[in-house]
Amino acid sequence: WGLMLILSVAIYGSHAPLLTLCKVNGMIPFSSTSVVVLVELTKLVFSLLCLLTWDWELLGVAVSWRHVVPFALSALLYAANNNLVVHMQLFMDPSTFQVLSNLKIVSTALLYSLFLRQRLSMRKWLALFLLVAAGVSSSCGGLQDPGSPSKMQLHITLVGLLLISVYCLISGLSAVYTEAILKTQALPLSLQNLFLYFFGVLLNLIGYFWSNAEGGFLEGFSSWVLVIVVSQALNGLIMSMVMKHSSNITRLFVISCSILVNALLSVALFNLQLTLLFFVAVSCIGLAVHLYYGVT
């Protein structure tokens, strides 16, 4: 478990730097939808291999449609959120999105407590709000480019505020709903993943053709994109295991801890500088982990 969580933190933290390495003349040269389709397809193939290797005796077992259909809604929620991220850029700047998207920690925790009936103590709620504070601190200027102005300006419209609220709600709902399905069904994780990622591939393929993406499916791909696809697929499989056997709260801590990896990679690869806000974020994460897991 420790190795898996550390690997997941590393993957989350390396995602943004890897995207930066993929840029050509400051622009992402490939279709983000294509990458999502390939990530879902990679997870589907890996789940099938796991099923054939370790749970092959289940291939002859009849599976009811009641086991399969719930994963269609889960995949739909994830696909909706991925597309919402793209459309939100029209109504706010990226910095504002980075800051406000930290509210999905609160929405996930609220829905987790409400729908899964997991009562969280005041100490644990304080830990989660510290995670939000850490995310906001890091997003507001934890890293600084020495050659650019240090002052950060946020901009958001009323529509953007509404969209970010919907985004945080759907983000929390998709995560908690998926955890509920994984835990309530008496099926092995490899088979559940097979259902989830089948619908993921199907819905994202429909989204790709619906968007009328210009150029070929693999246009602009490089070796760095391949690294992104494999790493994100591996991380998705780890997170499904976390939600099956642990909880979404563990996932939130993993995502927050990835701030440290992202910052260190950005300093090493792009010569960015750490600011006081980064160390505020690190302190908040450390205190949050202590409050949630260390205090009895």
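Every chain's residues receive numbers from 1 upward, in the order its sequence appears when written. Local features are withheld for residues below a pLDDT of 70 in this predicted model, meaning they are given only at 70 or higher, and side-chain atom pairs are given and counted only at 80 or more; totals for whole chains, interfaces and linings count all residues. Heavy atoms throughout the structure, all of them, feed into the side-chain values; hydrogens and water do not.

In the annotation of an unreviewed UniProt entry, the protein chain is listed under the name Putative UDP-sugar transporter protein SLC35A4 and assigned to Opisthocomus hoazin. Reading the Subcellular location (unreviewed entry) entry of the UniProt record for the protein chain gives the comment "Golgi apparatus membrane". If you open the UniProt record of the protein chain and go to Sequence similarities (unreviewed entry), you find "Belongs to the nucleotide-sugar transporter family. SLC35A subfamily." UniProt positions are given in the numbering used here, feature names are shortened, and annotations may be inferred rather than shown by experiment.

Draft legend 1. Highlighting the overall build of the protein chain. A helix here means a DSSP run of H or I that spans at least four residues, while a strand means a run of E at least two residues long, and both kinds are numbered starting from the N terminus. Looking only at helices and strands, the protein chain has 11 helices and 2 strands in total. Listed N to C, the secondary structure of the protein chain is α-α-α-α-α-α-β-α-α-α-α-β-α in terms of helices and strands. Radius of gyration here uses only the C-alpha atoms, and the compact-globule reference equals 2.2 Å multiplied by the residue count raised to the power 0.38. A compact globule built from 296 residues should have a C-alpha radius of gyration of about 19 Å, and the protein chain, at 19 Å, falls within 12% of that. Seen through its C-alpha atoms, the protein chain measures out along the principal axes to roughly 60 × 55 × 40 Å. Three exposure classes are used, based on accessible area relative to the maximum for each residue type with a 1.4 Å probe and protein chains only: buried under 20%, partly exposed in between, and exposed over 50%. The buried share of the protein chain, taken over its 296 residues, is 42%. Accessible surface, the protein chain as shown: approximately 15,700 Å² in total, 70% of it carbon and sulfur. Only four residue types enter the charge count, namely Lys and Arg as positive and Asp and Glu as negative; His and the chain termini do not. A single reference atom marks each charge: NZ on Lys, CZ on Arg, CG on Asp, CD on Glu. Between the mean site of the 12 positive side-chain charges and the mean site of the 8 negative ones, the protein chain shows a separation of 17 Å. Only the protein chains shown count as cover for residues, and all accessible areas are computed by the Shrake-Rupley method using a 1.4 Å probe.

Draft legend 2. Representation of helix H11 (residues 276–294) within the structure. The end-to-end C-alpha distance of H11 is 26 Å, a good match for the 27 Å that 19 residues give at a rise of 1.5 Å each. Looking at the packing, one finds that the buried side of H11 touches helix H6 (122–139), helix H10 (248–270) and strand S2 (273–274). Take the residue count of a helix, subtract one, and multiply by 1.5 Å to get its expected span. For this analysis, residues touch if any pair of their heavy atoms sits within 4.5 Å.

Draft legend 3. Summary view of the packing of aromatic side chains. Any pair of Phe, Tyr and Trp rings, taking the six-membered ring for Trp, is counted once the centres come within 6.5 Å. Such a pair is stacked with planes under 30 degrees apart, edge-to-face with planes over 60 apart, and tilted for the rest. Tallying each qualifying case throughout the model produces 11 aromatic pairs. Taken together, a centroid distance of 5.0 Å and an interplanar angle of 80 degrees make the contact between Tyr208 and Phe217 edge-to-face. Classification of Tyr208 by relative accessible area gives buried; the value is 7%. Two conditions define a charge located above a ring, namely a distance within 6 Å from the ring centre to NZ of Lys or CZ of Arg, and an angle within 35 degrees of the ring normal. A cation over a ring is seen here: Lys124 above Tyr292, with NZ or CZ 4.9 Å from the ring centre.

Draft legend 4. Inspection of the environment of Val159 at higher detail. Within the secondary structure, Val159 sits in helix H7 (residues 158–184). Remark: the alpha-carbon pair of Val159 and Phe91, spanning 68 residues in sequence, is separated by 6.6 Å.

Draft legend 5. Local environment of the nonpolar core. By nonpolar core is meant a set of buried Ala, Val, Leu, Ile, Met, Phe, Trp, Tyr and Cys residues that side-chain atoms within 4.5 Å join together. Counting residues in hydrophobic clusters, the biggest one holds 24 residues, and the most contacted among them are Leu128, Ile249 and Phe253. Elements with a contribution of two residues or more to this core: helix H5 (104–115), H6, H10 and H11. By residue number, the principal contributor to this core is H6, which donates 7 residues. Not counting residues within four places of it along the chain, the set of residues in contact with Ile249 comprises Ala109, Tyr112, Leu128, Tyr292 and Tyr293. One finds Leu44, Phe71, Leu194 and Leu196 within the second-largest nonpolar core, a separate group that totals 17 residues.

Draft legend 6. Just the UniProt feature "transmembrane region" (unreviewed entry) in the protein chain, in detail. The UniProt feature table records "transmembrane region" (unreviewed entry) at residues 32–51, 99–116, 125–144, 156–182, 194–211, 223–242, 249–270 and 276–295. Along residues 125–144 one finds 75% helix and 10% strand; the C-alpha atoms at either end are 30 Å apart. Secondary structure across residues 156–182 comprises 93% helix and 0% strand; the distance between its end C-alpha atoms is 36 Å.

Draft legend 7. The packing of helix H1 (residues 2–22) against H10, seen in detail. Note on method: axes are straight lines fitted to C-alpha atoms, helices fitted across the in-contact stretch only, with angles between N-to-C directions ranging 0 to 180 degrees. The interhelical angle for the contact between H1 and H10, taken along N-to-C directions, is 45 degrees, at an axis separation of 7 Å. When the axis of H1 is compared with that of H10, the two are oblique. Pair H1 / H10 crosses with right-handed handedness. Where H1 approaches H10, its residues Leu5, Ser8, Val9, Ala10, Tyr12, Gly13, Ser14, Ala16, Pro17, Thr20 and Leu21 are matched on the opposing element by Thr250, Arg251, Val254, Ile255, Cys257, Ser258, Val261, Asn262, Leu265, Ser266, Leu269 and Phe270. Polar here means any residue other than Ala, Val, Leu, Ile, Met, Phe, Trp, Tyr, Cys and Pro, which are nonpolar, and Asp, Glu, Lys and Arg, which are charged; Gly is therefore polar. When the residues that make up the contact of H1 with H10 are grouped by side-chain class, the tally is 14 nonpolar, 8 polar and 1 charged. Here roughly perpendicular refers to angles of 65 to 115 degrees, roughly parallel to angles under 35, roughly antiparallel to angles over 145, and oblique to all remaining angles. When the near helix sits turned anticlockwise from the far one by under a right angle, the crossing is termed left-handed; a clockwise turn instead gives a right-handed crossing.

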